[in-house]
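Okay, here's what each chain looks like letter by letter:
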Amino acid sequence: MSREGAGTDGAGGIRGGAGTGPGGAAPGAAAPGGPVLQLRDLKVRIATRRGLVRAVDGVSLEVARGEAVGLVGESGSGKSMTLRAILGVLPPEARVTAGQILLDGADLVPLSQADLNRIRGRKISMIFQEPMSALNPVMRVGHQIAEGPRVHLGYSRSKAAERALDLMRRVGIPDPERRYRAYPHEFSGGMRQRVMIAIALSCDPEVILCDEPTTALDVTIQDQILRLLARLCRESGVSLVFVTHDLPVVAQLCQRVAVMYGGQIAEWGDVRDVLLDPRHPYTLGLVRSAPDVDEVRESLVAIPGSPPSLVSPPPGCRFHPRCAFAEEDCRAEPPPPLRELPGGRRTACLHHERCEDVLATERSPR
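### As for the environment of Gln 100
Phase 1: For Gln 100, the location among the structural elements is in strand 4 (residues 94-103).
Phase 2: Residue classification places Gln 100 among the partly exposed residues on the basis of a relative accessible area of 30%.
Phase 3: The spatial distance from the C-alpha of Gln 100 to the C-alpha of Leu 42 is 6.0 Å, given a sequence separation of 58 residues.
Phase 4: What Gln 100 contacts, discounting residues up to four positions off in sequence, is Gln 38, Leu 39, Arg 40, Asp 107 and Val 109.

Printed below as a string of structure tokens:
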């Protein structure tokens, strides 16, 4: 990883030195303007043969203008389903059962598909994990980039083509005049992801949702894409919601981070605070199981156990069956809410001070 980011170094580990977020300010610093996107107690249920899956269960967060917010957690924690709910592209068996999704203060939940179609691409867009499945294999790349401006902005064919060529240059696709007429299979994985970014930017949206867009790329190309997203965020003021399981990626790109577990937010706050000084045992487990180039460890520490069933989750805190700090009050209903800590961060742990004790012991000189 690069040194351009909130908390990574050249080898991709989490580190403690100061850095900058996409807007050029310290990670977690207030972005200009108020929130462009807000989730309020969002709940998504998926109907299955085993029962209703509580895929997203009371998620609340906000994204400021020009800010990059990360969503991290194990597979099945609800990250991607949260993005799909925001965009209004849930699978047929899933639906939003409660809560609000506010874009510029307007609730997207009650909107019809026709209304959402007018917003997707124009105000909010998405970059998917695998561009080959998202791009049309029989449509020229340039035409796919130009399609959004023609549909949403009413551009003529020639003006939309000019817009597409300009975007191809901005995202670093070489020789755009020639490659405009190429098909997706003629591009490398990294170049296809640049095409996806150009499509996402084509109508100047306010928010771009990123669903693990660098997972399938090698570390060098991943670094280039993250640098590109950070630059575009800085230059255009677009907000990013970035889903990943990779903590160094969040440290490099994002200003704030939400740690998700069992469909809920376990911890929320400034990237540097959360990753370097976690206040939830699940976050602590994620950090201790990730490589750190600044700290020599005898071995990585895995989180014991398995993620909970979201059909019949455990009572109280969903992490308590895997938690070394769990007490009887952790098992009591209702689940502990996010509580405010100094510095604007929040945790759902009743015994969060024990994380500090563990870190102090691990970091003390031997």
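### A few points about the nonpolar core
Most often, soluble globular proteins have nonpolar side chains that are buried together.
Phase 1: Membership of the largest hydrophobic core comes to 64 residues, with the highest contact counts inside it found for Ile 197 and Leu 240.
Phase 2: Excluding anything up to four places from it in sequence, Leu 240 contacts Val 63, Glu 67, Ala 68, Val 69, Ile 208, Cys 210, Leu 229, Cys 233 and Leu 253.
Phase 3: Core analysis: the second largest hydrophobic core is formed by 36 residues, Val 59, Leu 103, Leu 108 and Val 241 among them.

### What to know about the environment of Gly 76
Phase 1: Secondary-structure assignment places Gly 76 in the loop between strand 3 (68-72) and helix 1 (79-87).
Phase 2: A C-alpha to C-alpha distance of 7.8 Å links Gly 76 and Pro 307, two positions 231 residues apart in sequence.

### Structural notes on the sheet that holds strand 11 (residues 339-340)
In a beta sheet, neighbouring strands pair by backbone hydrogen bonds and run either parallel or antiparallel.
Phase 1: Strand order in the open sheet formed by eight strands is 6-7-8-3-9-10-12-11, and the pairing between neighbours is mixed. Taken across any chain shown, the strands that pair with only one partner, and hence form the sheet edges, are strand 6 (124-127) and strand 11.
Phase 2: By the bridge criterion, four bridges tie strand 6 to strand 7 (residues 207-211) in an arrangement that is parallel. If you follow Ile 127 over to strand 7, its bridge partner there is Cys 210.

### Describing the pattern of salt bridges
Phase 1: Within this structure, the stated rule accounts for 17 salt bridges.
Phase 2: We note a salt bridge from Asp 223 to Arg 227, for which the minimum N-O separation is 3.0 Å. Highlighted residues: Asp 223 and Arg 227, both in helix 8 (residues 219-236), separated by four residues, approximately one helical turn.
Phase 3: Residue Arg 279 pairs with Glu 356 through a salt bridge whose shortest N-O separation is 3.4 Å. Highlighted residues: Arg 279 in the loop between helix 10 (271-276) and helix 11 (281-288) and Glu 356 in helix 12 (residues 353-363), separated in sequence by 77 residues.
Phase 4: Its relative accessible area of 8% is what places Arg 279 among the buried residues.
Phase 5: A network of salt bridges, in which partner residues are shared, links Arg 45, Asp 57 and Arg 318.

### Here we look at the confidence of the model for the protein chain
Phase 1: Looking at the protein chain, pLDDT values average 88 and 88% of them are 70 or higher.
Phase 2: Within the model, pLDDT remains below 50 along residues 1-12, and this stretch shows 54 contacts once partners closer than five positions in the same chain are excluded.
Phase 3: In the model, residues 15-32 has pLDDT below 50 throughout and makes 48 contacts with residues more than four positions away in sequence or in other chains.

### Describing the sheet that holds strand 4
Phase 1: With respect to topology, four strands assemble into an open sheet ordered 2-1-4-5, the strand pairing being antiparallel. In this open sheet, the two edge strands, each paired with only one partner strand, are strand 2 (51-64) and strand 5 (106-107).
Phase 2: Examined bridge by bridge, strand 1 (residues 35-48) and strand 4 share eight bridges and lie antiparallel to one another. Within strand 4, the residue paired with Lys 43 across the bridge is Ala 98.
Phase 3: Contacts from helix 1 reach strand 1, strand 2 and strand 4, with the element oriented near 110° to strand 1.

Each value, and the rule that gives it
- Residues numbered from 1 in each chain as written.
- Predicted model: local features only at pLDDT ≥ 70, side-chain atom pairs only at ≥ 80, totals over all residues.
- Heavy atoms only, no water.
- Helix = DSSP H or I, 4+ residues; strand = E, 2+ residues; numbered from the N terminus.
- Buried < 20%, exposed > 50% of the residue type's maximum accessible area, 1.4 Å probe, protein only.
- Contact = heavy atoms within 4.5 Å.
- Core = buried A, V, L, I, M, F, W, Y, C linked by side-chain atoms within 4.5 Å.
- Pairing = 2+ DSSP bridges.
- Salt bridge = Lys/Arg side-chain N within 4 Å of Asp/Glu carboxyl O.
- pLDDT = per-residue confidence, 0-100.
- Axes fitted to C-alpha atoms, helices over the stretch in contact; angles between N-to-C directions.

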